[in-house]
Amino acid sequence: MSIQYVLEIIGTFAFAISGALTLKDQKYQDWFGASFTAFISSIGGGTLRDILLDSYPLVWITDIAIIYAIGAGILVTFVFYRFLLRLRKTLFLFDTCGIALFTIVGTEKALNLGVRPEIAAIMGIFSAIMGGVIRDTMTNEIPIIYRKEVYATACLAGACCYLVLDHFGVERNTAFISASALIIVIRILAVRYEWSVPRFFR
Amino acid sequence: MSIQYVLEIIGTFAFAISGALTLKDQKYQDWFGASFTAFISSIGGGTLRDILLDSYPLVWITDIAIIYAIGAGILVTFVFYRFLLRLRKTLFLFDTCGIALFTIVGTEKALNLGVRPEIAAIMGIFSAIMGGVIRDTMTNEIPIIYRKEVYATACLAGACCYLVLDHFGVERNTAFISASALIIVIRILAVRYEWSVPRFFR
Amino acid sequence: MSIQYVLEIIGTFAFAISGALTLKDQKYQDWFGASFTAFISSIGGGTLRDILLDSYPLVWITDIAIIYAIGAGILVTFVFYRFLLRLRKTLFLFDTCGIALFTIVGTEKALNLGVRPEIAAIMGIFSAIMGGVIRDTMTNEIPIIYRKEVYATACLAGACCYLVLDHFGVERNTAFISASALIIVIRILAVRYEWSVPRFFR
């Protein structure tokens with residue numbers, strides 16, 4: 001069992017928790033809705049990436065551990081949600097680690113499938129953000145990428161960082177950790193200092 | 001022509017009718033919008049299932065009878081919509097039979113493609129509900145699964161029932177009919193006695 | 001480099017501009033959001049068509065020129081958006097040429113993949129409109145196809161025209177140009193004389 005696999009399971013678990021918790025602000029909050037939302041949030045991005053790249057079978061269809069990680073995330077949210085909601089800062093860290101990890105794993109996977117670096121970066125970002133975009137679209141929210149400070153842009157920076165390091169032959173684990181760390185640092189600084197992406201229409 | 005095939009065509013026809021009728025409450029109701037909505041409602045769930053399972057070609061692309069069943073549903077809705085709207089209870093039964101059938105057909109198809117039972121159940125539920133979810137998302141409604149009493153949960157129960165019967169070697173037609181009937185009975189009781197799925201956040 | 005390829009690149013460029021400009025009316029308008037919206041608008045329809053037809057690899061994944069055309073569209077919008085917004089009539093023409101072209105290219109591609117004419121027409125319409133539908137759904141707008149005068153219906157007419165001409169053995173370029181012209185003419189007349197598709201519910 002590689003470190004990367006363990007991290008992916010943890011990322012899926014974290015995404016399931018943050019997915020289920022988003023339903024707290026919605027009018028409808030039954031068990032099925034919460035589980036469905038957690039599920040879509042966790043697997044949406046990676047699934048879209050794999051469909052676009054024609055990379056079958058989908059990971060969660062063959063590896064049942066992912067379904068169980070999501071189930072565990074739903075259960076933990078159900079039992080501890082009051083506690084979790086008080087921990088907003090910890091959750092923010094969880095979500096940030098999740099998107100950092102998913103971005104680099106997605107970029108790497110696309111690269112291994114032989115696509116160009118530009119496409120690999122797009123696939124990395126899609127892996128990280130599209131689960132949230134699909135979830136927000138379904139629940140009639142404005143998708144997270146339109147709202148949050150430097151959210152997807154941090155993923156873009158991390159993906160580019162990974163691609164540059166990879167291009168110059170930097171050892172994989174070093175590149176992986178550096179690029180993920182860059183995403184996490186940008187996100188934390190962005191929230192701390194209220195950075196925002198420049199407006200498109202001046 | 002198998003019984004199952006006939007039932008699928010009837011299910012598609014029923015889903016097209018209920019899809020076109022949802023547009024009645026919307027501001028925009030032209031012919032193209034109604035046909036498009038009916039089409040997406042009917043084929044959305046099964047299409048998503050087949051894309052996730054990499055099961056190509058898609059059924060409605062090779063079997064033109066499905067397109068004609070949808071066309072017939074749209075025409076029938078156009079001609080008889082006043083009558084149909086008065087028959088809300090009958091329509092509820094149509095929709096309920098549709099989701100029951102689509103759930104079990106979807107579960108069975110996934111199982112035949114060699115996935116694990118947990119995944120087969122998810123695929124069965126997706127077949128039944130995702131057409132409606134996509135339709136509601138497009139027309140800016142809160143998706144049906146977040147609203148309706150014990151809607152997707154009935155599908156889950158039916159899919160599990162089918163999987164258990166299949167596991168114990170119960171003959172296929174018996175399993176099919178029992179599991180579909182369970183979904184229909186749960187839905188009817190849920191609406192009759194106003195059952196609801198327990199809240200996730202207490 | 002064929003004429004059709006050049007037209008496709010121009011169509012992608014035009015769709016990226018009209019996609020980025022739609023964000024002008026939204027609350028959130030940062031660079032990432034505008035680029036993401038332009039990207040989804042441009043590639044959404046063709047991508048959905050190719051996924052449904054199992055036609056891999058996706059065009060924009062192998063042909064980087066499409067990504068650059070979108071990037072150019074985003075940059076041009078950024079620099080000239082005031083000018084572009086004043087040119088609403090020109091933009092309408094751009095968008096109309098874009099949907100005309102994408103409809104016929106999509107119909108033709110589906111036909112070449114061996115599907116029936118009815119399915120080819122659906123694929124042609126999907127190519128032209130689904131990018132906009134996905135974009136509008138994400139930004140919580142009512143999708144364009146529910147709103148605009150004779151929008152998708154013009155595509156349907158063009159696709160049918162192409163299929164009829166193809167059926168009677170008309171030379172490909174003639175069929176292509178006639179069918180595209182028909183879409184453009186219908187759209188222009190529809191806007192000029194405020195045509196609308198008949199109501200479904202009378």
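Residues numbered from 1 in each chain as written. Chains lettered and ligands numbered in written order. Predicted model: local features only at pLDDT ≥ 70, side-chain atom pairs only at ≥ 80, totals over all residues. Heavy atoms only, no water.

Undergrad: Help me understand the nonpolar core, please; the structure alone is not making it clear to me.
TA: One broad trend across soluble globular proteins is that nonpolar side chains are buried collectively. In this structure, Trp60 and Ile129 of chain A, Trp60 and Ile129 of chain B together with Trp60 and Ile129 of chain C are the most contacted members of the largest nonpolar core, which totals 211 residues. Once you skip the residues sitting within four places of it in the chain, isoleucine 129 of chain A turns out to touch Ile145, Tyr151, Ala152 and Cys155 of chain A together with Phe32 and Phe36 of chain C. (Core = buried A, V, L, I, M, F, W, Y, C linked by side-chain atoms within 4.5 Å. Buried < 20%, exposed > 50% of the residue type's maximum accessible area, 1.4 Å probe, protein only. Contact = heavy atoms within 4.5 Å.)

Undergrad: Can you walk me through the environment of isoleucine 51 of chain A in this structure?
TA: Residue placement: isoleucine 51 of chain A occurs in helix H2 (residues 31–52). The buried category is assigned to isoleucine 51 of chain A, whose relative accessible area is 7%. Separated by 141 residues in the primary sequence, isoleucine 51 of chain A and arginine 192 of chain A place their C-alpha atoms 36 Å from one another. Contact partners of isoleucine 51 of chain A, with chain neighbours within four places excluded, come to Tyr56 and Leu58 of chain A, Ile51 and Leu52 of chain B together with Ile51 and Tyr56 of chain C. (Helix = DSSP H or I, 4+ residues; strand = E, 2+ residues; numbered from the N terminus.)

Undergrad: Hey, could you run me through the UniProt feature "domain: Glycine transporter" (unreviewed entry) in chain A in this one?
TA: UniProt records the feature "domain: Glycine transporter" (unreviewed entry) for residues 6–81 and 93–166 of chain A in the present numbering. Within the segment residues 6–81 of chain A, helix and strand shares are 80% and 0% respectively, and the terminal C-alpha atoms sit 24 Å apart. (UniProt positions renumbered as here; feature names shortened; annotations may be inferred.)

Undergrad: What should I look at first to understand the packing of aromatic side chains in this one?
TA: Working definition: an aromatic ring pair is given by the centre-to-centre distance plus the angle between the planes. For the coordinates displayed, the defined rule picks out 24 aromatic pairs over all chains. Ring centres of tryptophan 31 of chain B and phenylalanine 200 of chain C lie 5.0 Å apart, and the angle between their planes is 75 degrees; on these two criteria the pair is classed as edge-to-face. A residue pair is termed interchain when its members come from two chains, as with tryptophan 31 of chain B in helix H2 (residues 31–52) and phenylalanine 200 of chain C in the segment after helix H9 (172–192). A centroid spacing of 6.0 Å and a plane angle of 20 degrees characterise the contact between phenylalanine 32 of chain C and phenylalanine 36 of chain C, whose relative ring orientation is stacked. With a gap of four residues between them, phenylalanine 32 of chain C and phenylalanine 36 of chain C both fall in helix H2 (residues 31–52), about one helical turn apart. (Phe/Tyr/Trp six-rings, centres within 6.5 Å; stacked < 30°, edge-to-face > 60°.)

Undergrad: Explain the packing of helix H5 (residues 88–112) of chain C against helix H8 (residues 152–167) of chain C here, please?
TA: All names here are of chain C. In contact at an axis separation of 9 Å, H5 and H8 are set at 45 degrees when each is read in the N-to-C sense. Put simply, H5 runs oblique to H8. Remark: the crossing between H5 and H8 carries right-handed chirality. Within the contact between the two elements, H5 uses Ile99, Thr103, Ile104, Thr107, Glu108 and Leu111 and H8 uses Cys155, Gly158, Ala159, Tyr162, Leu163 and Asp166. Here the residues of the contact of H5 with H8 sort into seven nonpolar, three polar and two charged. (Axes fitted to C-alpha atoms, helices over the stretch in contact; angles between N-to-C directions. Parallel < 35°, antiparallel > 145°, perpendicular 65-115°, else oblique. Left-handed = near helix turned anticlockwise from the far one by under 90°. Nonpolar A, V, L, I, M, F, W, Y, C, P; charged D, E, K, R; others polar.)

Undergrad: How should I be thinking about the relation of the copies chain A and chain B in this particular structure?
TA: Relating the two copies of this chain is a rotation about some axis coupled with a shift parallel to it. The transformation that overlays chain A on chain B combines an axial shift of 0.0 Å with a rotation of 120 degrees, and the residual RMSD is 0.0 Å. Between the two chains, the operation in question is that of a three-fold axis. Of the residues that chain A buries at the interface, just 11% are likewise interface residues in chain B, meaning the two copies contact each other through different surfaces. (Least-squares fit on C-alpha atoms with pLDDT ≥ 70 in both.)

Undergrad: Before we go on, may I ask you to explain the relation of the copies chain A and chain C in this structure?
TA: At an RMSD of 0.0 Å, chain A and chain C line up after a rotation of 120 degrees and a shift of 0.0 Å along the axis. Little of the interface of chain A is mirrored in chain C, where only 12% of its interface residues again form contacts.

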